[in-house]
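# Report on the structure
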Amino acid sequence: MLSMELFRNDADKIRADHDKRGIPHDRINRVIAIDEEWRNALKSMEDGRRERNLAAKGIADAKKSGSKEDADRIMAQVKDLGDRIAQLDEKANSLLEERDSIRMRIPNLLHEAVPIGADEGGNTQHSLHGEKPQFDFEPKTHNELIEMNKWVDLERAAKVAGSRFFFLKGDLARLELALQTYAVDFLIGRGFTFIQPPVMMNRDAYEGVTDLSDFETVMYGITPDPLYMIATSEHPLTSMYMDEVIEPSLLPIKLVGVSPCFRREVGAHGLSDRGIWRVHQFTKIEQVVITHPDDSWDHHEDLLKNCVDLWDALDLHYEVVNICTGDMGTVAARKYDLEAWLPGAEAFKEVVSCSNCTDYQANRLRMRYRTSEGNAAVHTLNSTAVATSRALVAIMEQNQLEDGRVRVPKCLVPMMNGKTHLEPCQL
RNA sequence: GCGGCGAUCGCAUAGCCUGGCCAUUGCGUCGGAUUGCUAAUCCGAUGGGUCUUCCCACGGGGGUUCGAAUCCCCCUCGCCGCGCCA
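In short, a report on the structure. Position numbers for residues start from 1 in each chain and track the written sequence from start to end. Ligands are numbered from 1 and chains lettered from A, in the order in which they are written. Reporting in this predicted model follows two pLDDT cut-offs: at least 70 for local features of residues, and 80 or more for side-chain atom pairs to be given and counted; totals over whole chains, interfaces and linings ignore these cut-offs and use all residues. To get the side-chain values, all heavy atoms of the structure are used, and hydrogens and water are removed first.

## As for the overall build of chain A
- Helix numbers and strand numbers start at the N terminus; a helix is a DSSP run of H or I with at least 4 residues, a strand a run of E with at least 2. Per the secondary structure count, chain A includes 14 helices and 18 strands.
- Taken along its principal axes, the extent of the C-alpha atoms in chain A is 100 × 45 × 45 Å.
- Burial classification: accessible surface area is computed with a 1.4 Å probe over protein chains only, and a residue below 20% of its type maximum counts as buried, one above 50% as exposed, and the rest as partly exposed. Within chain A, the proportion of its 427 residues that are buried is 50%.
- Across chain A, contacts joining residues at least 24 apart in sequence account for 74% of those joining residues at least 6 apart.
- Accessible area of chain A: about 20,600 Å², with a carbon and sulfur share of 49%. In this analysis, two residues are considered to be in contact whenever any of their non-hydrogen atoms come within 4.5 Å of each other. With residues, only the protein chains shown are counted as cover, and all accessible areas are computed by Shrake-Rupley using a 1.4 Å probe.

Shown next, in the form of structure tokens:
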């Protein structure tokens, strides 16, 4: 959410940003108009309260000096004042609610380096990493590999849970655990604190970190309790300090979280998403940084560097993509994606998303740091380190052998008890 | 789940019983002053708002009242005990 100061003092900045995104200004103008109305309504209400406070004081004084008649007279005068104030208060509150429900839907201001584009076709390549793997045989898709090696059981998962769930089995499951351990240790080595978060959140905290439409299309609600399954550990980690004033000496707060991630994937269809590429539950190792606004763009580059070094260590071929205006979404000001090469699909596909959300989440979460001029919103950043299901797909497809076995990335071999290749699962 | 107790400003606290001055004090932080000692001492500021002779804020919501931190009800969270439990 953008700060109200921006609407009041620098609305043209927001309008120019909307032009870049290709969306109309009407919501901005509406926020400004309702804000004006709200301020007037608030003023009348405050005048009423002031009158009441003065009267209450008058009564107290009168009683103290023993003048019961004076007290009774004032009381009679202000008898209906309470109702009037309540009405004015209600009006002001409904205006405020209306203003902010619109404001919540206005997207973050974009960084100036974000390329202009209507949709994902406008994204640009930032850099290319690793060597494209060459095969002297026809490489298989990960779907073929998991099936022939019995590493994933989709049918039985459908039976006990539903479609787009999976049982992960044998060596592939063991590799998944190795990936988690490797990524967590890697980030601990770069100064991150390891956190295991709650995997359910209440509505109030959740509204602070995500686009409102996600409640309809992404998150699972829990019946009968008013909770939501997290779509990523970014959400509990970022909202961890909500409603707090953070001592500047604690910044930057660098967190690495591991959690299962739950996504409804409403509207997702198609054969290209079969297997474990797009699923309702997967595990993700996530980086989160809460920082001083002056440092946030440096931290954004650091987060990307961590991903690049981590994915280089896994010895995979991928590109970094600079996400364009039309593909950005509501919360981020700038976003890089890592897209891994999938030989089976002959395409780069998204495996990492690295965002600077500037003060957008912090404003919603009332998450500030102390300055000599008062409190100011912090900046929040997040980046996938590894989403294990997708990393496994990339490893399987890029490291496959002709017989269907898969070479374990060198850095993970020690965590696989020295095992260098994934063998088929017997069960 | 049941019972008891609690929640006040960055942290810690007083005020609540018995409704009515400006919500107290300590620590921390920031600013200033001063002194030659890794810092001490003194002064000031330090919840939010439209930064203000004004309004709001004592976990959240409602009620009683001319007036609520204070009385009543509901909810949330925490602590203690009991129950259940990986």
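Structure's up, so let's keep going.
## A word on the sheet that holds strand β5 (residues 200-202)
- Taking strand neighbours across the sheet as the criterion, the three strands line up as β5-β7-β6 in an open arrangement whose pairing is antiparallel. Looking along the sheet, the strands with just one partner apiece sit at the ends: β5 and β6 (221-222).
- When DSSP finds two or more bridges between two strands, those strands count as paired. Here two bridges tie β6 to strand β7 (residues 227-229), and the two strands are oriented antiparallel to one another. The residue of β7 that forms the bridge with Gly221 is Tyr228.

## A short note on the sheet that holds strand β13 (residues 347-356)
- Here eight strands make up an open sheet; going across it, the order is β1-β11-β12-β13-β16-β10-β9-β4 and the pairing mixed. Edge positions in the sheet fall to β1 (124-129) and β4 (193-195), since each has one partner strand and no second. Strand-to-strand, the axes of this sheet are offset by a mean angle of 25°, without reference to chain direction.
- The sheet contact formed by strand β9 (residues 253-262) and strand β10 (residues 281-291) spans ten bridges and is antiparallel. The partner of Pro260 across the bridge, within β10, is Thr283.
- Note on method: axes are straight lines fitted to C-alpha atoms, helices fitted across the in-contact stretch only, with angles between N-to-C directions ranging 0 to 180 degrees. Against the sheet, helix α12 (residues 296-313) engages β1, β10, β11 (318-322), β12 (334-342), β13 and β16 (379-387), with an angle of about 5° to β16.
- In the packing of helix α14 (residues 388-398) onto the sheet, contacts are made with β10, β12, β13 and β16, and the angle to β16 comes to roughly 40°.

This is a description of form; function is not addressed.
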